[in-house]
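Fold and geometry: a report
Given next are the chains, with one letter for each unit.
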Amino acid sequence: MEEIFQAVEAKERKILVRSCNGAGKTTALAAICNWYLSTYPDSIVLTTASSWIQVKRNLWSEIRRQARAAKLYPGTKLGQTIIQVTEKHFMIAISPCIPENAMGFHAPHILVAVDEATGIDREIMDALTGNLTGVDAQIVMICNPIDKDSVPYEAEQSGEWKVIHISALEHPNVQNGTNEIRGAVTREWIEDRVRSWSMEVNLEVPDALLAESERAFELPWSGKYYRKTALAQARILGEWAQLDEIGFIPMELIEDHIWHTYTPSGVTLRAMGVDISRGLGKDATVYSTFDVREDGPDIQTGFHTILDEDLMATADRIKEKYDDAKSQGIELVIAIDDTGVGGGVSDRLKRLDVPFYAINFNNRARGFFPGKEIANARAEMYFVLRQELLDGSILLKNFKRFHQELSSVRLALARHGTAYKMEDKDLTKQRLGRSPDYADATALARYGLSLKRSLKTAHLL
Ligand SMILES: Nc1ncnc2c1ncn2[C@@H]1O[C@H](COP(=O)(O)OP(=O)(O)OP(=O)(O)O)[C@@H](O)[C@H]1O
Ligand SMILES: [Mg+2]
């Protein structure tokens, strides 16, 4: 906080603060606005944030609270979103939705103050910075570094800004294990958040996740290490989330869970995931199967890729596999990708009386990970797969093409939210040069099994 105030006082022109949640960003920004307006009698202060609600409710209620408490502007009315000392000396809130309102301000001293800057549009930023023509103009932008596709990230990359970084681990409450700054981040909050945003990593196990130690961070008071997931990075450590640099299921984790010899015996349950081909007659439909075992990890027995002439043929083939397993005394748990063209296969399978789980990737998650916010079924099925690998409860087929796909599927954040989703398939495709069908079929197989276990009975969905 001191560093921010000093930078403003030293007339740094462009100041960027990227910080964890609950550090006191909004409080500090309000103080800066009040300090500026009451220090320079010829000043204008322009304030905004990611949304009008944010500006009005958070930033401005704090600005008013401080102004009132310190009796900063005697004789001046403290408005909802304006404090006008004289005609040319005022502080005002600018709606982030109306760039025109942000233009045309002139004064010897101008301060632009932006809270929650990651959510700000470039247009409004351009309009605001257009006012910074004078020698003494300054801008302070405060953000939580959750999204690299943002004005603050570009600002930091440009090298033109004074960047101040705040990690929750540095906060006095957290350093001292107290609650001396009421309402701000605490050790308890961090511990609660890492449980849902991250996972503990055991340093004694030469785990794939720890192969690079920079992927983990320590909570010094407990000595425990946690994985630097995107949410933990942005919201706890105040670091730009490395969403696009980490595979969700790292290659090391995959390679540690491959089987080399397996003799099936007494299998009564088998799981099969089916990724239906999109370009009918061009791509193959991919089947991935697992033998479910009582006395050891489930074994991925293999893949089938079959080029069917149409969806009916695919459905018939699935029924064939189902009947075939049944005749061997094996229950086949089927999960198919029901998104898009897969719906056609679903319809046909229903008529054929084959029980199966139809997974629409865009549907809501079933809540297999309480406390984790997962945006949709596709993300949840990859969480299931990863968890099973971490638990050592499955072993994968040794097949390089599949491993390559699995390790290149990445995590993203649902826009404007804190929920996880998988990266857009198109991006994965671009990087991989093809669709991750083997990976999807495999995740589907495991997801179907989890659904069966959670619903207890075999369902015809
Ligand atoms: N210097 C301070 N002295 C006393 N209390 C403070 C101080 N700074 C912040 N607080 C309190 O800490 C809490 C969090 O502050 P604030 O809302 O400014 O944090 P923030 O970083 O903007 O949070 P968020 O990430 O939710 O936007 C508030 O209850 C605020 O009153
Ligand atoms: Mg805030």
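Remarks on the overall build of the chain
Helix and strand counts for the chain come out as 15 helices and 18 strands. For the chain, the spread of C-alpha atoms along the principal axes amounts to about 90 × 45 × 35 Å. Taking all 461 residues of the chain together, the buried fraction comes to 53%. Long-range pairs, those at least 24 residues apart, make up 67% of the contacts in the chain between residues at least 6 apart in sequence. In the form shown here, the chain has an accessible surface area of approximately 20900 Å², with 48% of it arising from carbon and sulfur atoms.

Section: the sheet that holds strand S9 (residues 216-219)
The 3 strands lie next to each other as S8-S10-S9, forming an open sheet whose pairing is antiparallel. Taken across any chain shown, the strands that pair with only one partner, and hence form the sheet edges, are strand S8 (200-201) and S9. With 2 bridges connecting them, S8 and strand S10 (residues 224-227) associate as antiparallel partners. Residue pairing across strands places Val201 opposite Tyr225, the latter belonging to S10.

Some details on the site of ligand 1
Around ligand 1, the neighbouring residues are Asn21, Gly22, Ala23, Gly24, Lys25, Thr26, Thr27, Glu116, Ile181, Arg182, Gly183 and Ala184. Between ligand 1 and the protein, one listed contact pairs an oxygen atom with a side-chain N or O atom of Thr26 at 2.8 Å. For ligand 1, the accessible surface in isolation is 620 Å², of which the surrounding protein chains cover 59%. Among the residues forming the shell around ligand 1, the class breakdown is 3 nonpolar, 6 polar and 3 charged.

Re the pattern of salt bridges
This structure, assessed with the given rule, holds 15 salt bridges. For Arg378, the salt bridge is made with Asp440, and the minimal N-O distance between the two is 3.0 Å. With Arg378 in helix H12 (residues 377-391) and Asp440 in helix H15 (residues 437-455), this residue pair connects regions lying 62 residues apart in the sequence. For the pair shown, Arg378 and Asp440 are each scored as buried. Several salt bridges share partner residues, and in doing so they unite Asp298, Glu388 and Arg446 into one network.

Notes on the packing of helix H10 (residues 311-327) against helix H11 (residues 342-351)
For the pair H10 and H11, the least separation of the axes is 9 Å and the interaxial angle reads 50°. Classified by the interaxial angle, the pair formed by H10 and H11 is oblique. Pair H10 / H11 crosses with right-handed handedness. Residue-level contacts link Leu311, Met312, Thr314, Ala315, Asp316, Ile318 and Lys319 of H10 to Gly344, Val345, Arg348 and Leu349 of H11.

Considering the state of the cysteines
Joining two cysteines, a disulfide is a covalent bond between their sulfur atoms. Evaluated as defined, the whole model comprises 0 disulfides. Cys97 carries a free sulfur, and the closest cysteine sulfur to it, the one in Cys33, is 19 Å from it. Note on Cys97: relative accessible area 63%, which makes it exposed. The thiol of Cys143 is unpaired, and the distance to the nearest cysteine sulfur, on Cys20, comes to 11 Å. Residue classification places Cys143 among the buried positions, given a relative accessible area of 1%.

A look at a negative patch on the surface
A grouping of Glu100, Asp121, Glu123 and Asp126 is seen on the molecular surface, where their side chains present a negatively charged patch. Within the element layout of this structure, Glu123 appears in helix H4 (residues 122-129).

Details of the sheet that holds strand S3 (residues 82-86)
Pairing in this open sheet of 7 strands is mixed, and the strands run S3-S4-S2-S5-S6-S1-S7 from one edge to the other. Of all the strands in the sheet, just S3 and strand S7 (162-166) have a single pairing partner and so form its edges. Each adjacent strand pair in this sheet contributes to an overall mean axis angle of 10°, direction not counted. One ladder, built from 4 bridges, connects S3 with strand S4 (residues 89-93); its direction is antiparallel. Bridge pairing in S4 links Thr86 to His89. Strand contacts of helix H5 (residues 151-158): strand S1 (14-19), strand S6 (138-143) and S7, with the helix running at about 120° to S6, the strand carrying the most contacts.

With respect to the packing of aromatic side chains
Counted by the stated rule, this structure contains 14 aromatic pairs. Measuring from ring centre to ring centre gives 5.9 Å for Trp259 and Tyr262, while their planes differ by 70°; the resulting arrangement is edge-to-face. In this structure Trp259 comes out as buried when scored by relative accessible area, which is 18%. Ring centres of Phe383 and Tyr420 lie 5.7 Å apart, and the angle between their planes is 50°; on these two criteria the pair is classed as tilted. A residue pair is termed long-range when its members are at least 10 positions apart, and Phe383 in helix H12 and Tyr420 in strand S18 (residues 420-422) qualify at 37 residues. With a relative accessible area of 2%, Phe383 lands in the buried category. Aromatic ring contacts, followed pair by pair, group Phe248, Phe369, Phe383 and Tyr420 into a single cluster. Here the basic side chain of Lys321 rests over the ring of Tyr287, its NZ or CZ set 4.8 Å away from the ring centre. A cation over an aromatic ring shows up here: Arg446 above the ring of Phe290, its NZ or CZ 4.6 Å from the ring centre.

What to know about the domain arrangement of the chain
By convention, interface size is frequently given as the accessible area that disappears when the constituent parts associate. You can read the domains of the chain as domain 1 (2-166), domain 2 (174-245) and domain 3 (252-455). For domain 1 and domain 2, the distance between their C-alpha centres works out to 30 Å. The interface of domain 1 with domain 2 comprises 17 residues on the first partner and 15 residues on the second. When domain 1 packs against domain 2, close to 1300 Å² is buried across both sides, 57% of that on carbon and sulfur atoms.

Remarks on helix H3 (residues 52-69)
Compared with an ideal rise of 1.5 Å per residue, which puts 18 residues at 26 Å, H3 spans 24 Å between its outermost C-alpha atoms and is within 8% of the ideal. In this fold, the buried residues of H3 make contact with helix H2 (25-39), strand S2 (43-48), S3 and S4. Two residues or fewer past H3, Lys71 is found with a positive phi of approximately 45°.

Conventions adopted
Residues numbered from 1 in each chain as written. Chains lettered and ligands numbered in written order. Predicted model: local features only at pLDDT ≥ 70, side-chain atom pairs only at ≥ 80, totals over all residues. Heavy atoms only, no water. Helix = DSSP H or I, 4+ residues; strand = E, 2+ residues; numbered from the N terminus. Buried < 20%, exposed > 50% of the residue type's maximum accessible area, 1.4 Å probe, protein only. Contact = heavy atoms within 4.5 Å. Areas by Shrake-Rupley, 256 points an atom, 1.4 Å probe, with all protein chains shown as cover. Pairing = 2+ DSSP bridges. Near = heavy atom within 4 Å. Polar contact = N/O pair within 3.5 Å; in protein donor to acceptor, adjacent residues only side chain to side chain. Nonpolar A, V, L, I, M, F, W, Y, C, P; charged D, E, K, R; others polar. Salt bridge = Lys/Arg side-chain N within 4 Å of Asp/Glu carboxyl O. Axes fitted to C-alpha atoms, helices over the stretch in contact; angles between N-to-C directions. Parallel < 35°, antiparallel > 145°, perpendicular 65-115°, else oblique. Left-handed = near helix turned anticlockwise from the far one by under 90°. Disulfide = S-S within 2.5 Å. Patch = residues over 30% accessible without salt bridge, like charges linked within 9 Å, V, L, I, M, F, W, Y side chains within 5 Å. Lys, Arg positive; Asp, Glu negative; His and termini not counted. Charge placed at Lys NZ, Arg CZ, Asp CG, Glu CD. Phe/Tyr/Trp six-rings, centres within 6.5 Å; stacked < 30°, edge-to-face > 60°. Lys NZ or Arg CZ within 6 Å of the ring centre and 35° of its normal. Domains from an automatic or database assignment. Buried area = accessible area lost by both parts, 1.4 Å probe. Expected span 1.5 Å × (residues − 1).

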